[in-house]
2 protein chains.
Amino acid sequence: MSNTSINNNEVDIVIAAINSDLEPFMNEWRPVFSQFHLIIVKDPDMNGELHIPEGFNVDVFTKSDIDRVVGSSTSILFSGYSCRYFGYLVSRKKYIISIDDDCIPARDTNGDLVDVVAQHIANLQAPATPFFFNTLYDPYRKGADFVRGYPFSLRSGVTCALSCGLWLNLADYDAPTQALKPEQRNSRYVDAVMTVPVRSLMPVSGINIAFNREVVGPALFPALRLAGEGKLRWETVEDIWSGMCVKVICDHLGLGVKSGIPYVWRRERGDAIESLKKEWEGVKLMEEVVPFFQSVRLPQTAVTAEDCVVEMAKSVKEQLGKVDPMFARAADAMGDWVKLWKSVGSSSPGV
Amino acid sequence: MSNTSINNNEVDIVIAAINSDLEPFMNEWRPVFSQFHLIIVKDPDMNGELHIPEGFNVDVFTKSDIDRVVGSSTSILFSGYSCRYFGYLVSRKKYIISIDDDCIPARDTNGDLVDVVAQHIANLQAPATPFFFNTLYDPYRKGADFVRGYPFSLRSGVTCALSCGLWLNLADYDAPTQALKPEQRNSRYVDAVMTVPVRSLMPVSGINIAFNREVVGPALFPALRLAGEGKLRWETVEDIWSGMCVKVICDHLGLGVKSGIPYVWRRERGDAIESLKKEWEGVKLMEEVVPFFQSVRLPQTAVTAEDCVVEMAKSVKEQLGKVDPMFARAADAMGDWVKLWKSVGSSSPGV
């Protein structure tokens, strides 16, 4: 971490405001966030006034901004947890970090505050090693290296496009797990980050995430929306769906995805048992989705993230569209997202 | 770990005696090893008398035992680090744990002695999850679970066949790395174990390893021997080669491989710079070997580890045999190993 040099002008922190009172959240994060530019997107479904404390470099976007920039000619919905993606769209920075507004900074095993920005940027700036597993985790970390038997030709690694952080206290479980084990809290701080190997799928959580916007920005989108989706994390799968897409796209483009540190401390909220009925839908969908993503292959002509999303959308429509109309809608949203990404990126000065 | 119930009669601890004085080693391990049966195999190249302290349930095998059981009609050499494989051959237990004789017990972050046997057996007894990556590591561990988005159909997992432990202090680096960073010591205790995903290759180290002998025993063998191989770990690749084979075989048979805890504390020894000339050969070989193992596919008719080793040996001979005669010799040794495994297993009462 000490080797990470962060250019503050290269980082946007994007916060989806699901709660109107962001004061406690922002004050907890002040030591970490205050030197960076923040993009706060207010859930367009929320009526209350946003409370944001003084002392931050922040741009706030609300329903009227979304309507103005995006218009109504799109299948994309920015409501609830999905409002953060509007922030991804209007950012012009190289790196985006996004943290759910029910998380506060975690402490490491020494009791020190985890600098989530520094660690995410370190993950993104150091190469990833998707083509061979290093048993000592991140070989570029201070005090670590490639172990005996690791091919020298693979030791330079590839660009890391996505860094997926983890959660202490309330982990990111689904509603059934949460309902079954209401007392379970994650207290194990695993001091490691690793590259998720090529062709290995994973559940990407949007709770604590960072990515290289210039490289994979177009592949992070709100496309799959559950009919009964609500305002609790375990009722959503938009990040899981987008995460499967982005992992396949990174594999195709020869980019890396990391998982591990940094942790955030996730606070309790919501009633898992109430959510069970809605979430069950998401649980069932995964069974259809995983074999599709395990087998889908992108054409060699797809050489950018935009290309890949367009091709992925075609395959989703062809192969999953008939299984459930929700998938056909997701495919449409992915196509619309790429159009939006191109038009907003070229027409607007951004923030 | 508290959920692991170990039947002592199901475990053999196999030690390759490279050093004649095993007293310090055995005394350090007494609290962990004393309740289990030990198989000590003396390096047939070593002339000195073995020193083994009192109070262990141990069978010792020497050159004369190897000659008697194996005979001379084989291409397999059991000298140096490879002598441990003779212990694998004569064991009749379900689980084998093998630790290099320059390692002593590690301590975890609480300062408690790591029970390497209990943790390896826990790893082998809990299912593995090679088909989807769980970001919170081992989902079966106390306090952990599958995260949101993990497909329910994959949550029962598969049999874990191999558990690869790690090293504190002197990590398992190759001679070039060791020579380049002579002061580097691994002090990071990462409190995690995970399944290495299907089709992801890894450098399996023989230093601290455990496996289900009944399931994959035939796939752990001393087949690839470097011309200038010596008596230092970083001069050997027999475990790396066997590890590539066993990973491909586990992937083919739908079995899991885990990497992570338990750690051992590895003591310094040897001069890396002296080893560089020999080890460089192993480093170069990996560049030929990795593309082979990434692409090799076993036929559906191969349904046991023995079948798989025989088929793998054929492919090695065909595809790598012409690259270097060392590979052709390795293929022969793999064929001989399976014959030996069958004959020793059926003819001898074992230990």
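What you are looking at is a predicted structure, and each value in this text was computed from that prediction instead of being measured. (Residues numbered from 1 in each chain as written. Chains lettered and ligands numbered in written order. Predicted model: local features only at pLDDT ≥ 70, side-chain atom pairs only at ≥ 80, totals over all residues. Heavy atoms only, no water.)

**A closer look at the overall build of chain A**
Per the secondary structure count, chain A includes ten helices and nine strands. Here chain A has a C-alpha radius of gyration of 19 Å; the compact-globule value for 351 residues is 20 Å, and the two agree. When the backbone C-alpha atoms are referred to their principal axes, chain A occupies close to 55 × 50 × 50 Å. In chain A, buried positions account for 61% of the 351 residues. Considering only intrachain contacts with a sequence separation of at least 6, the fraction spanning at least 24 residues in chain A is 79%. For chain A, the accessible surface area stands at approximately 12,700 Å², while carbon and sulfur atoms represent 49% of it. Within chain A, one finds 36 positive and 44 negative side-chain charges whose respective centroids are separated by 4 Å. (Helix = DSSP H or I, 4+ residues; strand = E, 2+ residues; numbered from the N terminus. Rg over C-alpha atoms; globule rule 2.2 N^0.38 Å. Buried < 20%, exposed > 50% of the residue type's maximum accessible area, 1.4 Å probe, protein only. Contact = heavy atoms within 4.5 Å. Areas by Shrake-Rupley, 256 points an atom, 1.4 Å probe, with all protein chains shown as cover. Lys, Arg positive; Asp, Glu negative; His and termini not counted. Charge placed at Lys NZ, Arg CZ, Asp CG, Glu CD.)

**Digging into the pairing of strand E6 (residues 160-169) of chain B**
Residues and elements named next belong to chain B. Where burial is concerned, most of E6 is hidden: ten out of the ten residues are buried. Both E6 and strand E8 (residues 208-212) contribute to a ladder of three bridges, which runs antiparallel. Opposite Cys 164, over in E8, you have Ile 209 as the bridge partner. (Pairing = 2+ DSSP bridges.)

**Overview of helix H9 (residues 305-320) of chain B**
Over its 16 residues, H9 of chain B extends 21 Å from the first C-alpha to the last, a length consistent with the 22 Å expected when each residue adds 1.5 Å. All of the buried residues in H9 of chain B are Ala 305, Cys 308, Val 309, Met 312, Ala 313, Ser 315, Val 316 and Leu 320 of chain B. (Expected span 1.5 Å × (residues − 1).)

**A look at the relation of the copies chain B and chain A**
Both copies of the chain are related by one operation, a rotation about an axis with a shift along it. Turning chain B through 180 degrees and shifting it by 0.0 Å along the axis lays it on chain A, with an RMSD of 0.0 Å. What we have between these two chains is a two-fold relation. Considering only C-alpha atoms, the residue of chain B closest to the rotation axis is Val 190 of chain B, which sits at 2.9 Å. In this assembly the copies share their binding face: 100% of the residues contributing to the interface of chain B also contribute to that of chain A. (Least-squares fit on C-alpha atoms with pLDDT ≥ 70 in both.)

**Structural notes on the UniProt feature "site: Required for activity" (unreviewed entry) in chain A**
Those places that UniProt annotates as "site: Required for activity" (unreviewed entry) correspond, in this numbering, to Arg 148 and Arg 155 of chain A. Summarising the element assignment, Arg 148 of chain A is placed in the loop between helix H4 (116-125) and strand E6 (160-169). A relative accessible area of 1% places Arg 148 of chain A in the buried class. Look past the residues within four positions of Arg 148 of chain A in its chain and what remains in contact with it is Asp 172, Tyr 173, Asp 174, Pro 203, Ser 205, Gly 206, Arg 233, Trp 234, Thr 236, Val 237, Asp 239 and Ile 240 of chain B. One polar contact links Arg 148 of chain A to Asp 172 of chain B, side chain to side chain, over a distance of 2.7 Å. Topologically, Arg 155 of chain A is positioned in the loop between H4 and E6. Once residues lying within four places of it in the same chain are set aside, the contact partners of Arg 155 of chain A are Tyr 140, Phe 146, Val 147 and Tyr 150 of chain A together with Asp 174 and Thr 177 of chain B. From its side chain, Arg 155 of chain A meets the backbone oxygen of Tyr 150 of chain A in a polar contact 2.7 Å long. (UniProt positions renumbered as here; feature names shortened; annotations may be inferred. Polar contact = N/O pair within 3.5 Å; in protein donor to acceptor, adjacent residues only side chain to side chain.)

**So, empty space enclosed by the protein**
All names here are of chain B. For the coordinates displayed, the defined rule picks out 13 cavities of 30 Å³ or more. Put simply, the largest cavity is a space of about 110 Å³. In this structure, the largest cavity is lined by 15 residues; those nearest its centre are Thr 129, Asn 134, Tyr 137, Met 194 and Thr 195. Sorting elements by how many residues they give to the lining of the largest cavity places strand E7 (residues 193-195) first, with three residues. (1 Å grid on protein atoms, 1.4 Å probe; cavity = no way out; pocket = protein on both sides within 12 Å on 5 of 7 lines; lining within 4 Å. Points joined across faces, edges and corners; volume = space filled by probe spheres on them.)

**Concerning the pattern of salt bridges**
Here the structure, examined in full by the defined rule, presents 40 salt bridges over all chains. Three or more residues are tied together by salt bridges with common partners; here these are Arg 84, Asp 100, Asp 172, Arg 233, Glu 238 and Asp 239 of chain A together with Arg 148 of chain B. (Salt bridge = Lys/Arg side-chain N within 4 Å of Asp/Glu carboxyl O.)

**Here we look at the interface of chain B and chain A**
Each partner contributes residues to the interface: chain B has 61 residues there, and chain A has 61 residues. Summing both partners gives a buried area of about 5,100 Å² for chain B against chain A, and 57% of it is carried by carbon and sulfur. Three residues, Phe 133, Arg 148 and Arg 188 of chain B, lead the burial of chain B against chain A; their summed loss comes to 17% of the area buried on that side. Put simply, chain B and chain A have ten salt bridges between them. (Buried area = accessible area lost by both parts, 1.4 Å probe.)

**Overview of the state of the cysteines**
Residue and element names in this part refer to chain A. With the rule as written, the count across this model stands at zero disulfides over all chains. Note on Cys 83: no disulfide assigned, nearest cysteine sulfur contributed by Cys 103 at a separation of 14 Å. Here Cys 245 stays unpaired: no disulfide links it, and the sulfur of Cys 308, its closest cysteine neighbor, is 11 Å away. (Disulfide = S-S within 2.5 Å.)

**Focus on the environment of Asp 174 of chain A**
Residue position: Asp 174 of chain A is located in the loop between E6 and helix H5 (175-180). Note: C-alpha distance between Asp 174 of chain A and Arg 233 of chain A (59 residues apart in sequence) is 8.4 Å. Here the side chain of Asp 174 of chain A touches Thr 177 of chain A through a polar contact of 2.7 Å, side chain to side chain. In this structure the side chain of Asp 174 of chain A is engaged in a polar contact, spanning 2.7 Å, whose partner is the side chain of Arg 155 of chain B.

**A few points about unusual backbone geometry**
Outside of glycine, negative phi angles account for most residues, and trans bonds account for most peptide bonds. At the junction of Ile 261 of chain A and Pro 262 of chain A, the peptide bond is cis and its omega measures out at 10 degrees in the coordinates. The residue Pro 262 of chain A is located in strand E9 (residues 256-266) in this model. Phi angles above zero are rare outside glycine, and Arg 199 of chain A is one such case at about 65 degrees. One non-glycine residue with positive phi stands out, namely Tyr 137 of chain B, at about 65 degrees. Among the structural elements, Tyr 137 of chain B can be located in the loop between helix H4 (116-125) and E6.

**Here we look at the confidence of the model for chain A**
Mean pLDDT over chain A: 93, with 96% of residues reaching 70 or higher. Across the whole predicted complex the pTM is 0.95, and at the interface the ipTM reaches 0.95. (pLDDT = per-residue confidence, 0-100.)

**Details of the side chain of Asn 208 of chain B**
Residues and elements named next belong to chain B. As for its placement among the helices and strands, Asn 208 is situated in strand E8. The class of Asn 208 is buried, set by a relative accessible area of 0%. The contact partners of Asn 208, leaving out residues within four places of it in the chain, are Ser 98, Ile 99, Val 116, His 120, Ser 163, Cys 164, Gly 165, Leu 166, Trp 167, Pro 262, Tyr 263 and Val 264.

**Comments concerning the packing of aromatic side chains**
All names here are of chain A. According to the stated counting rule, one finds 34 aromatic pairs over all chains in the structure shown. Ring geometry for Tyr 85 versus Tyr 88: centroids 5.1 Å apart, planes at 65 degrees, classification edge-to-face. Of this pair, Tyr 85 and Tyr 88 both sit in helix H3 (residues 84-90), three residues apart, which is roughly one turn of that helix. The burial state of Tyr 85 is the same as that of Tyr 88; both residues are buried. Judged by centre distance (5.6 Å) and plane angle (90 degrees), the rings of Tyr 140 and Phe 146 are edge-to-face. Joined through ring pairs, the aromatic side chains of Phe 61, Phe 78, Tyr 85, Phe 86, Tyr 88, Phe 211, Trp 337 and Trp 341 make up one cluster. Taking NZ or CZ as reference, Arg 155 lies 3.7 Å from the ring centre of Phe 152, over its face. (Phe/Tyr/Trp six-rings, centres within 6.5 Å; stacked < 30°, edge-to-face > 60°. Lys NZ or Arg CZ within 6 Å of the ring centre and 35° of its normal.)

**Topic: the nonpolar core**
Phe 33, Trp 241 and Phe 293 of chain A together with Phe 33, Trp 241 and Phe 293 of chain B are the most contacted members of the largest nonpolar core, which totals 244 residues. Leaving out residues up to four positions away in the same chain, Trp 241 of chain A has contacts with Phe 221, Ala 223, Leu 224, Val 289, Phe 293, Val 316, Leu 320, Phe 327, Ala 330 and Met 334 of chain A. The next biggest cluster of nonpolar side chains, apart from the first, holds six residues, and it includes Leu 170, Leu 232, Trp 234 and Ala 272 of chain B. (Core = buried A, V, L, I, M, F, W, Y, C linked by side-chain atoms within 4.5 Å.)

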